[in-house]
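Observations on the three-dimensional arrangement
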Amino acid sequence: MSIVLPGEHVPAQHVNLKLGPGLLQLSSDTQQQAKSAPVISTRSGILNHSANKSKWWVEGNSRRYVPAPQESVIGVVAGRSGSEGWRVDIGSAHPASLDGLAFEGATKRNKPSLKVGSLIYARVSLAHKDMEPELECFDAQTHKSEGFGELKDGFVLQCSLQMSRLLLDPKHFLLPLLGSRFPLEAAVGMNGKVWVSAKETKYTIAMVRCIEAVDPDGGGMDETSVKKFLSKLDI
């Protein structure tokens, strides 16, 4: 990991290169040059990449979510978009659009019935600075829902963008620790929204309080402290 500043060149190269927030690949004249076009940072922060260096992003303390392709987000339906789609608030500068056919098995006669205020777990299929982001509620490779779609019941909380990335890391301790104490369901959006659900209200409250406590913006509690915290809650 290294610290980068806006405009600084980043050594991001891979056959299946995917750039996340804070990075921009400069345009090139030809398709051949586009594959090796330089990548620069658009904001200051810590440069991160996946183990195989196919995914790169800049981790900063930004409060506003900037959509990036293939990222999972949680949004709220804000209204209709045309006759067959919806506008969804995902916390970005502009609302995202969700087509009525962007669901597993959806047809013109068989589409989900969403209302204003419905909660959606979706994937960003298109993100461009000059266009509204577009969402899909199925996996790009399998075209199956894979957990995407309308989220019912449960509770939604807001956390920092950094915390949402931590929760999506399989090596992070929090969700496995909570799952070992009681059955739970969770959906994490890269836009700093987390949906949690449990059979009992006290477990839902415990999840919310633990996420808020572990959040770097809320105290940054470690695993040992969380275990003590859960013991005080008798969980």
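Each remark here, short or long, concerns the structure printed above.
Everything numeric here is computed off the predicted structure, so don't read it as measured data. (Residues numbered from 1 in each chain as written. Predicted model: local features only at pLDDT ≥ 70, side-chain atom pairs only at ≥ 80, totals over all residues. Heavy atoms only, no water.)

Things to note about the pattern of salt bridges
What counts here: Any Lys or Arg side-chain nitrogen found within 4 Å of a carboxyl oxygen on Asp or Glu counts as a salt bridge. By the criteria applied, helices consist of DSSP H or I runs no shorter than four residues and strands consist of E runs no shorter than two, each listed in order from the N terminus. Only protein chains enter the accessibility calculation, which uses a 1.4 Å probe; a residue is then buried when its area is under 20% of its type maximum, exposed when over 50%, and partly exposed in between.
Under the criterion given, the structure shown has 6 salt bridges. Two residues, Glu-104 and Lys-144, come together in a salt bridge whose shortest N-O distance is 3.9 Å. With Glu-104 in the loop between β10 (96-103) and β11 (119-128) and Lys-144 in the loop between β12 (131-137) and β13 (149-151), this pair connects stretches of sequence that are 40 residues apart. Residue Glu-104 is classed as partly exposed on the basis of its relative accessible area, which comes to 39%. For Lys-144, a relative accessible area of 45% corresponds to the partly exposed category.

Describing the environment of Leu-19
To keep things clear, this is the line we draw: Working rule for contacts: check all heavy atoms of both residues, and any pair within 4.5 Å makes them a contact.
Structurally, Leu-19 is set in strand β3 (residues 18-19). Leu-19 sits 36 residues away from Lys-55 along the chain, and the two C-alpha atoms are 5.9 Å apart. When residues no more than four places from it in sequence are discounted, the contact partners of Leu-19 are Ala-12, Leu-24, Gln-25, Val-39, Trp-56 and Ala-68.

Observations concerning the pairing of strand β8 (residues 72-81)
How we decide: A pair of strands is labelled paired if DSSP reports no fewer than 2 bridges between them.
Bridge count between β8 and β11: 5 bridges; the pairing is antiparallel. Within β11, the position partnered with Ile-74 by the bridge is Tyr-121. Here 5 bridges tie β8 to strand β9 (residues 85-89), and the two strands are oriented antiparallel to one another. Counterpart to Ser-81 in the pairing with β9 is Gly-85. With antiparallel pairing between neighbouring strands as the criterion, β8 and β9 make up a hairpin whose turn holds 3 residues, including Gly-82 at a positive phi of roughly 75°.

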